[in-house]
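Below, each chain spelled out in residue letters.
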Protein chains: 2
Amino acid sequence: MSPEGDGVTRWRRVADDIRSNIGDGIISDALPSELELAARYGVNRHTVRRAIAALTADGLLRVERGRGTFVNSKPQRIVYPIGSRTRFSENMLKQSLEPSGRLIKSDFVLSDLVMATLLGCRVGTRLHRLDSLSVADGIPLSRSTSYFSAERFPGIIDAYAETGSITEALRREGVVDYRRRETRLTAERISAKDAELMSCAADAVVLISKAIDVDLEGQPVQFIRTKFLADRVELVMLQN
Amino acid sequence: MSPEGDGVTRWRRVADDIRSNIGDGIISDALPSELELAARYGVNRHTVRRAIAALTADGLLRVERGRGTFVNSKPQRIVYPIGSRTRFSENMLKQSLEPSGRLIKSDFVLSDLVMATLLGCRVGTRLHRLDSLSVADGIPLSRSTSYFSAERFPGIIDAYAETGSITEALRREGVVDYRRRETRLTAERISAKDAELMSCAADAVVLISKAIDVDLEGQPVQFIRTKFLADRVELVMLQN
DNA sequence: CTCACTTGTCTAATTGTCTAGACAACTATT
DNA sequence: AATAGTTGTCTAGACAATTAGACAAGTGAG
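Throughout this description, residue numbers start from 1 for each chain and increase along the sequence as written. The order in which chains are written sets their letters, starting at A; the order in which ligands are written sets their numbers, starting at 1. Where local features are concerned, this predicted model is filtered to residues with pLDDT of at least 70; where side-chain atom pairs are given and counted, the filter is 80 or more; whole-chain, interface and lining totals use all residues. As a rule here, side-chain values cover all heavy atoms of the structure and leave hydrogens and water aside.

*Asks:* Give me the pairing of strand 10 (residues 233-238) of chain A: which residues, what numbers.
*Replies:* Burial here depends on accessible area, computed with a 1.4 Å probe over protein chains only, as a share of the maximum for the residue type. Under 20% is buried, over 50% is exposed, and the range in between is partly exposed. Secondary structure elements are taken from DSSP: a helix is a run of H or I of four residues or more, a strand is a run of E of two residues or more, and numbering for both begins at the N terminus. For strand 10 of chain A, the buried fraction is high: 5 of the 6 residues fall into the buried class. In this structure, strand 3 (residues 78-81) of chain A lies alongside strand 10 of chain A, joined through 4 bridges in parallel fashion. If you follow A:Pro81 over to strand 10 of chain A, its bridge partner there is A:Val236. Here, any two strands with at least 2 DSSP bridges between them count as paired. Sheet topology note: the strand 10 of chain A/strand 7 (residues 178-189) of chain B ladder contains 4 bridges and is antiparallel. From the neighbouring strand, A:Met237 faces strand 7 of chain B, where its bridge partner is B:Thr183.

Structure representation (structure tokens):
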């Protein structure tokens, strides 16, 4: 990194480490005392207290004066299966969650070399770019940016705006079915704009999925980049 | 978050947002001027400059005095295919990278209900816990914690320490082949300890994979939790 | 050259983070 | 009741982050 420091405060690093230890099962019930944690992390007790305050505000910890600090039952992440037939709405309904989608923004872009290769079109082709938000039971789970051929799917934006479902919008544009060809995954810290859109902490982490969906003839219909809120979603792949 | 602020400095959030915009292709060549960025993010110009300094130190940006700030060609992430036959060594060799593994720590734990269910053993069974580091061409890519039945694989730790490969260690313990049954993915900020182990920035993000590998009879042989450095690795799934 | 625009550098003041120490308040055990 | 161990709260100072303003220095166009 640059001059000095990494832009993350000590208390947040302590908080992240405690959270990580809980996730790994290293800490399961009672935390070490504040003094012991301070010694272990090489920070002042006040710094540990601030970390604990943050995790308490997140509902992960519970502090009992005079007794100690304890781990609350962890809220489960929503399971999101990924396979050759990945459908947001179906996934949510199977878990008794009410799915919905909201259009954030849409515009046109010209395909560059990378996008043309992915979508199997010529460089310079007009593409619909569709920014959307996926919600389950009122909780934002992910934000996606999709790219469609504007030539092949002239009405896709309106169709999505009406239905809130990409599957349904594609059906209206003549794609009876499609399947996932490839999914690439990575992760990064959330951007300020996305944190606001998904109403989450500004220090959250997103799981980024870049995928290509193809129709029954194997022709790409969309390239979709989705940013899942990592603390609300768990992607699951069942290997055949 | 709790009292106020999220423990991430303004300049880092600006840096993260710029990096995210570059990754999304929103910024491709020249950045807006420092003054414009400052206005856009609602921060002082010096704060923007610090963000740019951090990204420049990472090699992502290039600053030319009097002209502006520009995006460098992005360094590619190492591709890590995930499927029913996921093998670290084979994956790396195919990309002309020299794989190696290093034992960090090993000990015994007693399986709790969750672990017993995953591994198909009884609660209270002794398990080997193996912490290891995976490296490609000298660059740490991931840190894993594996759980094996100590009864079935008594010599697995020594075998791994010698070979640096879990596949090879399992072979020595009588598992001629194994395949992936299930992979669950999420992400979080890196812990301080892992940041040191993998010699990366303290504010990095890890992609967490929890997986179950089974032998040819379908019996679980290991539960493995891997933390991939998100800015060095891209997981790829080719849907059949 | 002149001008507008860009990045580089310096000073100063304000705010937030972290450390240090002290003491109060609560809990469980003896 | 006494004690050891825990969390809660207050003070104060050192240091880092952020803001504000000013000016230097490089670039490119007219």
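Let's pick the thread back up.
*Asks:* Which residues make up the relation of the copies chain B and chain A, and what values go with them?
*Replies:* Of the transformation superimposing chain B on chain A, the axial component is 0.0 Å and the angular component is 180°, with the fit at an RMSD of 0.2 Å. Taken together, the rotation angle and the small translation identify this as a two-fold axis. Residues of chain B ranked by C-alpha distance from the rotation axis are headed by B:Val8, positioned 2.1 Å from it. Here, residues are in contact when the closest pair of their heavy atoms is within 4.5 Å. Counting the interface residues of chain B, we find that 98% of their copies in chain A are interface residues as well, pointing to one common contact surface. Least-squares superposition aligns the copies on the C-alpha atoms of those residues with pLDDT at or above 70 in both.

*Asks:* Outline the pattern of salt bridges, supporting the account with residue identities and numerical values.
*Replies:* The salt bridge criterion pairs a side-chain nitrogen of Lys or Arg with a carboxyl oxygen of Asp or Glu, the two atoms within 4 Å. Summed over all chains, the structure comprises 52 salt bridges over all chains. Here B:Arg225 and A:Asp24 are joined by a salt bridge, their closest N and O atoms 3.4 Å apart. Residue B:Arg225 is found in strand 9 (residues 220-229), and its partner A:Asp24 is found in the loop between helix 1 (10-23) and helix 2 (34-41); the two belong to separate chains. A:Asp24 matches B:Arg225 in its accessibility class, with the two residues each being buried. What you see here is one network of salt bridges that share partners, running through A:Arg12, A:Asp16, A:Asp203 and B:Arg189.

*Asks:* Would you mind going over the interface of chain B and chain A in detail, with residue names and values included?
*Replies:* On the chain A side, the residues contacting the 62 residues of chain B number 62 residues. Accessible-area loss on putting two parts together, using a 1.4 Å probe and summing over both, is the definition of buried area adopted here. Interface area, chain B with chain A, both sides summed: about 5400 Å², of which 50% is carbon and sulfur. Our count for the contact surface shared by chain B and chain A stands at 10 salt bridges. In protein, a polar contact means a hydrogen-donor-capable atom and an acceptor-capable atom, both N or O and within 3.5 Å, with residues adjacent in sequence counting only if both atoms are side-chain atoms; elsewhere, any N or O pair within 3.5 Å suffices. Where chain B touches chain A, the interface holds 28 residue pairs in polar contact (both at pLDDT 80 or more). Elements with a minimum of two residues in the side of chain B that touches chain A: helix 1 (10-23), helix 3 (45-57), strand 7, helix 8 (192-197), strand 8 (205-215), strand 9 and strand 10 (233-238) of chain B. With 11 residues, strand 7 of chain B is the largest single contributor of residues to the side of chain B that touches chain A. A breakdown of the residues in the side of chain B that touches chain A according to their chemical character gives 25 nonpolar, 13 polar and 24 charged. Under the scheme applied here, ten amino acids are nonpolar (Ala, Val, Leu, Ile, Met, Phe, Trp, Tyr, Cys and Pro), four are charged (Asp, Glu, Lys and Arg), and all others, including Gly, are polar.

*Asks:* Got a sec to walk through the protein's contact with DNA strand C? Specific residues and values, please.
*Replies:* Whether a residue is near a molecule or strand is decided by its heavy atoms; if any one of them lies within 4 Å of it, the residue is near. As a matter of local geometry, DNA strand C sits amid 25 residues, with A:Arg10, A:Trp11, A:His46, A:Thr47 and B:Arg45 nearest to it. Each atom of DNA strand C within 4 Å of the protein was assigned to sugar, phosphate or base; sugar and phosphate come to 69%. B:Arg49 is positioned such that a nitrogen or oxygen atom in its side chain is 3.0 Å from a phosphate oxygen of DNA strand C. B:Gly66 places a polar main-chain atom, nitrogen or oxygen, 3.2 Å from a sugar or linking oxygen of DNA strand C. Listed by contribution, the elements that provide at least two residues to the surface near DNA strand C are helix 1 and helix 3 (45-57) of chain A together with helix 3, strand 1 (61-64) and strand 2 (68-71) of chain B.

*Asks:* So what about the UniProt feature "domain: HTH gntR-type" (unreviewed entry) in chain A? Which residues, and what values?
*Replies:* UniProt positions are given in the numbering used here, feature names are shortened, and annotations may be inferred rather than shown by experiment. Summarizing the sequence annotation, UniProt attributes the feature "domain: HTH gntR-type" (unreviewed entry) to residues 8-74 of chain A in the numbering used throughout. Here residues 8-74 of chain A is 52% helix and 12% strand, with 25 Å between the C-alpha atoms at its ends.

*Asks:* Any details on the nonpolar core? Residues and values, ideally.
*Replies:* Across soluble globular proteins, nonpolar side chains show a tendency to be buried alongside one another. One finds A:Tyr80, A:Met92, A:Leu235, B:Tyr80, B:Met92 and B:Leu235 to be the most contacted residues of the largest nonpolar core, which totals 34 residues. Apart from residues no more than four positions distant in its own chain, B:Tyr80 is found in contact with B:Thr86, B:Phe88, B:Asn91, B:Met92, B:Phe228, B:Val233, B:Glu234, B:Leu235 and B:Val236. In these notes, a set of buried Ala, Val, Leu, Ile, Met, Phe, Trp, Tyr and Cys residues joined through side-chain atoms within 4.5 Å is what counts as a nonpolar core.

*Asks:* Lay out the protein's contact with DNA strand D with the relevant residues and their values.
*Replies:* As a matter of local geometry, DNA strand D sits amid 24 residues, with A:Arg45, A:His46, B:Arg10, B:Trp11 and B:Thr47 nearest to it. Among the atoms of DNA strand D close to the protein, meaning within 4 Å, 66% are from sugar or phosphate groups. Side-chain polar atom of A:His46 to a base nitrogen of DNA strand D: 2.6 Å apart, as the coordinates give it. In this structure, B:Gly66 approaches DNA strand D through a main-chain N or O atom, which is 3.2 Å from a base nitrogen. Mapped onto the surface near DNA strand D, the elements with two or more residues apiece are helix 3, strand 1 (61-64) and strand 2 (68-71) of chain A together with helix 1 and helix 3 of chain B.

*Asks:* Help me get a handle on the packing of helix 2 (residues 34-41) of chain B against helix 3 of chain B, residues and values and all.
*Replies:* Geometry of a packed helix pair, given as the angle between the helix axes and the separation of the axes. Residues and elements named next belong to chain B. As a rule, the C-alpha atoms of each element are fitted with a line to give its axis, helices using only the stretch in contact, and angles between N-to-C directions run from 0 to 180 degrees. For the pair helix 2 and helix 3, the least separation of the axes is 8 Å and the interaxial angle reads 105°. Taken together, the axis directions place helix 2 and helix 3 in an arrangement best described as roughly perpendicular. Along its contact with helix 2, which presents Glu34, Leu35, Leu37 and Ala38, the element helix 3 presents Arg45, Val48, Arg49 and Ile52. Of the residues belonging to the contact of helix 2 with helix 3, the class tally is 5 nonpolar, no polar and 3 charged. For classification purposes, angles smaller than 35 degrees are called roughly parallel, those larger than 145 roughly antiparallel, those between 65 and 115 roughly perpendicular, and all remaining angles oblique.

*Asks:* Please provide a residue-by-residue account of the sheet that holds strand 4 (residues 99-110) of chain B, values included.
*Replies:* Two strands in a sheet stick together by hydrogen bonds in their backbones, pointing the same way (parallel) or opposite ways (antiparallel). Read from one edge of the open sheet, 8 strands run 3(A)-10(A)-7(B)-8(B)-9(B)-6(B)-5(B)-4(B), paired in mixed fashion. The sheet is open, and its two borders are formed by strand 3 of chain A together with strand 4 of chain B, each paired with just one other strand. Pairwise comparison of adjacent strand axes, ignoring direction, gives a mean angle of 20° for this sheet. Sheet analysis places strand 8 of chain B next to strand 9 of chain B, joined by 9 bridges and oriented antiparallel. Residue pairing in the sheet places B:Asp213 in a bridge with B:Gln222 of strand 9 of chain B. Contacts from helix 1 of chain A reach strand 7, strand 8 and strand 9 of chain B within the one sheet, and its direction differs from that of strand 7 of chain B by about 155°. Each of strand 4, strand 5 (126-136) and strand 6 (139-149) of chain B is contacted by helix 6 (residues 156-163) of chain B, which is oriented at about 10° to strand 5 of chain B, the strand it contacts most.

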